[in-house]
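An overview of the molecular structure
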Amino acid sequence: QVQLVESGGGLVQAGDSLRLSCAASGRTFGSYYLGWFRQAPGKEREFVAAISWSGDTTSYADSVKGRFTGSRDNAKNTVYLQMNSLKPEDTAVYYCAADVTRRAVLAGTAIYWGQGTQVTVSS
């Protein structure tokens, strides 16, 4: 069993940066692949980024590639999403997810999810 809690969301201006954190509790954090997803009003939840258990492998959606960076600190049981050059279209509730397999995280079918943190980017 893994519990995830996101934090770090807020209101920023276009072009600004924000770093989201996802703190995990439960079983060994390093055994899980971590992912970030987001959902804007009226839209489906979409994949944002994924981070391997070692932190050596990262994947990003085309819409955020080059602007967002995912990382993790297993000693702190925390995964991060550094968001730079934010755009109004990045406005959404951001969720972190965890699963034993990379496949499940990338597919959005991870078994563990946080409650989300709101990110609002003004123009």
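Bear in mind the structure is a predicted one, so any value in this text is a computation, not a measurement. (Residues numbered from 1 in each chain as written. Predicted model: local features only at pLDDT ≥ 70, side-chain atom pairs only at ≥ 80, totals over all residues. Heavy atoms only, no water.)

Structural notes on empty space enclosed by the protein
We count it as follows: Throughout, the protein atoms alone are placed on a 1 Å grid, and a set of points is a cavity if a 1.4 Å probe fits but cannot get out or a pocket if it is open with protein on both sides within 12 Å along at least five of seven lines; lining residues have an atom within 4 Å of a point. Grid points are joined across faces, edges and corners, and a volume is the space filled by probe spheres set on the points. For the purposes of this entry, the term helix denotes a DSSP run of H or I that reaches at least four residues, the term strand denotes a run of E that reaches at least two, and both are numbered from the N terminus.
With the rule as written, the count across this model stands at 1 cavity of 30 Å³ or more. Within this model, the largest cavity holds a volume of roughly 60 Å³. Looking at the largest cavity, the residues that line it are Tyr33, Leu34, Ala50, Ile51, Ser52, Thr57, Thr58, Ser59, Arg102, Val105 and Leu106. Within the residue set of the lining of the largest cavity, elements represented by two or more residues are β4 (33-39), β5 (46-51), β6 (58-60) and α1 (102-107). The biggest single contributor to the lining of the largest cavity is α1, with 3 residues.

Observations concerning the pairing of β5
To keep it simple, the criterion reads: Categorising residues by exposure relies on relative accessible area from a 1.4 Å probe, with only protein chains included: less than 20% of the type maximum marks a residue as buried, more than 50% marks it as exposed, and the intermediate range marks it as partly exposed. When DSSP finds two or more bridges between two strands, those strands count as paired.
Burial within β5 is extensive, with 5 of its 6 residues counted as buried. Two strands pair when backbone bridges link them, and β4 and β5 are joined in this way by 5 bridges, in the antiparallel orientation. Looking at β5, one finds that glycine 35 is bridged to alanine 50. Connecting β4 to the antiparallel partner β5 that follows it, the hairpin turn spans 6 residues, and glycine 42 within it adopts a positive phi of roughly 80 degrees. Across 3 bridges, β5 lies against β6 in antiparallel orientation. Bridging from a neighbouring strand, isoleucine 51 pairs with threonine 58 of β6. Taking the residues that link successive antiparallel strands as the turn, the β5-β6 hairpin has 6 residues, and the phi of glycine 55 there is positive, at about 85 degrees.

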